[in-house]
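Structure at a glance
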Amino acid sequence: MKHLLTLADLTKEELYDLLDLADSLKKEVKKGVFTPYLRNKTLGMIFTKSSTRTRVSFETGMAQLGGTALYLNANDMQLGRGEPIKDTARVLSRYLDGIMIRTYKHSDVEELAEYGSIPIINGLTDYVHPCQVLADLQTIREHKGTLTGLKMCFIGAGNNMANSLINGGILAGMEVACACPLEYLPDEEITKHAQASGRFTLTQNVLEAAKDADVLVTDVWASMGEEQEAAQRRKIFEGIYQINDACMAVAKADAMVLHCLPAHREEEITEKVFEAHADEIFDEAENRLHAQKAVLVTLLKD
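A brief structural summary. (Residues numbered from 1 in each chain as written. Predicted model: local features only at pLDDT ≥ 70, side-chain atom pairs only at ≥ 80, totals over all residues. Heavy atoms only, no water.)

Describing the nonpolar core
In this structure, L134, I140 and L296 are the most contacted members of the largest nonpolar core, which totals 54 residues. In contact with L296, other than residues within four places in its own chain, are L38, L43, F58, M62, L65, I121 and K301. (Core = buried A, V, L, I, M, F, W, Y, C linked by side-chain atoms within 4.5 Å. Buried < 20%, exposed > 50% of the residue type's maximum accessible area, 1.4 Å probe, protein only. Contact = heavy atoms within 4.5 Å.)

Below you can see the structure in the form of structure tokens.
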């Protein structure tokens, strides 16, 4: 494992190694232990998309690991004045030990990895969100004791979250069902690969997808950068693509609910369901810290 660009690049063993390490690092934190695995290491964090959880969890994670994180707003860098990504990659590789980038185009992350000589971590692109789904899988395993054989249902737009949940869930040995409107399906290549496993369903029927689910997951209907489509999307999603009492009634009685946040209550999830599962959702948010620390240690530790 040289980079983390997408969960599809991992082997099943690498995925579970990351989850096991995340659990171990979380136990250390709960005991007040902070082992400086990354002493004198520096992570550059490039943001072209604003962030709460990504920035705070990576900065805190590097501090707890004994390293340093540098916040790099793309608009304040030469990137914002037209410097090619490949030149930025080669320059920063001479200063830093790793780069985390949260941006729009997935090809930008791939170019950083191609031209840089240090590990690159995808903090989010419009294509995938691997760090979030590592935290999701860690949370599910904490609450359920396993991942293998569980059914995970995603309801909403076939966006970066859907793509990474499909990648991660199938790799982990789960059954994955997605309920997405025809206008907003997950990536075609990702769904083809998932269908080959025999453990993937893509439907427009929300209750069919949610039936007997162990885990229900959703995300906002319009992600960052798609705000201009919000009204159009609402017409398609409203009253249908929502985690609500009807979904919970057909899922397993002990089904858990996850949301990557921020949540738009009464749109993709009802207030009632959100608050009933708030502990799980905020465990998920916390685990961004621990899962990302596992990635950092795996990629940056000597």
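Quick look at the pattern of salt bridges
Working definition: two side chains of opposite charge can pair if their charged atoms are close together. Tallied over the entire structure, the rule returns 16 salt bridges. For D20, the salt bridge is made with R141, and the minimal N-O distance between the two is 2.8 Å. Placement of the pair is D20 in helix α1 (residues 12-30) and R141 in helix α5 (residues 130-144), with a sequence separation of 121 residues. D20 sits in the partly exposed class, given a relative accessible area of 41%. As a salt-bridge pair, D254 and K144 come within 3.5 Å of each other at their nearest N and O atoms. With D254 in the loop between α10 (245-250) and β9 (256-259) and K144 in helix α5, the pair connects residues that are 110 residues apart, well separated along the chain. For K144, a relative accessible area of 23% puts it in the partly exposed group. (Salt bridge = Lys/Arg side-chain N within 4 Å of Asp/Glu carboxyl O. Helix = DSSP H or I, 4+ residues; strand = E, 2+ residues; numbered from the N terminus.)

Considering helix α6 (residues 160-172)
The end-to-end C-alpha separation of α6 is 18 Å, in line with the 18 Å expected for 13 residues at 1.5 Å each. When you tally the buried positions in α6, you get 13 out of 13 residues, the bulk of the element. With a side-chain oxygen positioned 3.0 Å from the backbone nitrogen of M161, the residue opening α6 is N159. Of the residues trailing α6, G173 is marked for its positive phi of about 95°. (Expected span 1.5 Å × (residues − 1). Polar contact = N/O pair within 3.5 Å; in protein donor to acceptor, adjacent residues only side chain to side chain.)

Quick word on the environment of P130
Relative to the elements of secondary structure, P130 occurs in helix α5. Taking C-alpha positions, P130 is 23 Å from Y241, a pair spaced 111 residues apart along the chain. Setting aside anything within four residues of it in sequence, one finds P130 in contact with L4, L5, T6, L7, N122 and S164.

Overview of unusual backbone geometry
Cis geometry marks the peptide bond from L261 to P262, where omega comes out at 0°. Here P262 is to be found in the loop between β9 and α11 (271-276). Even without being a glycine, N40 presents a positive backbone phi close to 70°. Structurally, N40 can be placed in the loop between α1 and β1 (42-47). When its relative accessible area of 69% is taken as the criterion, N40 is described as exposed. The backbone of D212 sits at a positive phi, close to 60°, despite the residue not being glycine.

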